[in-house]
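# Structural features, examined
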Amino acid sequence: MIPFLMIALLSAIAQLFLPWWVIAVVAFTVCFWRKPSGGRAFLSGFLGIGLVWLLYALLIHLRTDGLLTARMAELLFKSSSPALLLLVTLLIGGLVGGFAGVAGSGMRQVFSTNS
C-alpha cells in the first residue's frame, strides 16, 4: 500500500514539472527503495501511475465538457466514445509504471544478492 501511494503522489507532482517519462523513474526508484516482491511491484506501479493518468484524463475530459476526448477518440479509434480513450490512457500509463516497478524490484534483488 505504501509504494502505491508514494508512486501516485510523487509521479503526480513530478509530472507537473518534468516530461511524461518521469513516471518510470518514480516507479523504479520507489520499488527499488521499498523492495516489494515482483508481483507487488508491478501492481503498485500499475495502479499508482494508472490512477494518476486516469484522474488527469478525467480532469481534462470534465474541463472540456468531453469535446477534446470525444474528438481524440474519433481521430484515434474511429469511435466517439471517450471511455475508450480513458481506458487506453489508463492502460498505457499503468503498463509503463508496472514494468518500471518490476525493474526496480528486480534491480534491488540483484544488488542485495551480490552484496
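Residues numbered from 1 in each chain as written. Predicted model: local features only at pLDDT ≥ 70, side-chain atom pairs only at ≥ 80, totals over all residues. Heavy atoms only, no water.

## Looking at the packing of helix 1 (residues 2-17) against helix 2 (residues 22-34)
Inclusion rule: Axis angles are defined between N-to-C directions and span 0 to 180 degrees, where every axis is a line fitted to C-alpha atoms and, for a helix, only to the segment in contact. Think of it this way: any DSSP run of H or I at least four residues long counts as a helix, any run of E at least two long counts as a strand, and we number them from the N terminus. Roughly parallel means an angle under 35 degrees; roughly antiparallel, over 145; roughly perpendicular, 65 to 115; everything else is oblique. Crossings are assigned a handedness: left-handed for a near helix turned anticlockwise from the far helix by less than a right angle, right-handed for a clockwise turn. Every residue pair with non-hydrogen atoms within 4.5 Å of one another is taken to be in contact. Basically, the charged four are Asp, Glu, Lys and Arg, the nonpolar ten are Ala, Val, Leu, Ile, Met, Phe, Trp, Tyr, Cys and Pro, and anything else, Gly included, counts as polar.
Remark: helix 1 packs on helix 2, axes separated minimally by 9 Å, with the N-to-C direction vectors making an angle of 150°. By the angle between their directions, the pair helix 1 and helix 2 is classed as roughly antiparallel. For helix 1 against helix 2, the interelement crossing comes out right-handed. Residues Ile2, Pro3, Met6, Ile7, Leu10, Ser11, Ala14 and Gln15 of helix 1 form the contact with helix 2, whose own contacting residues are Val22, Ile23, Val26, Ala27, Val30, Cys31, Trp33 and Arg34. Per-class residue counts for the contact of helix 1 with helix 2 are 13 nonpolar, two polar and one charged.

## Focus: unusual backbone geometry
Trans peptide bonds make up the majority, and among non-glycine residues the majority have a negative phi. We count it as follows: Buried means the residue's accessible area, taken with a 1.4 Å probe over protein chains only, is under 20% of the maximum for its type, while exposed means over 50%, and partly exposed covers the values in between.
Notably, aspartate 65 is not glycine yet its phi reads approximately 55°, a positive angle. Inspection of the secondary structure puts aspartate 65 in the loop between helix 3 (38-63) and helix 4 (67-77). You can call aspartate 65 exposed: its relative accessible area is 72%.

So far we have only geometry, and geometry alone does not tell us how the molecule works.
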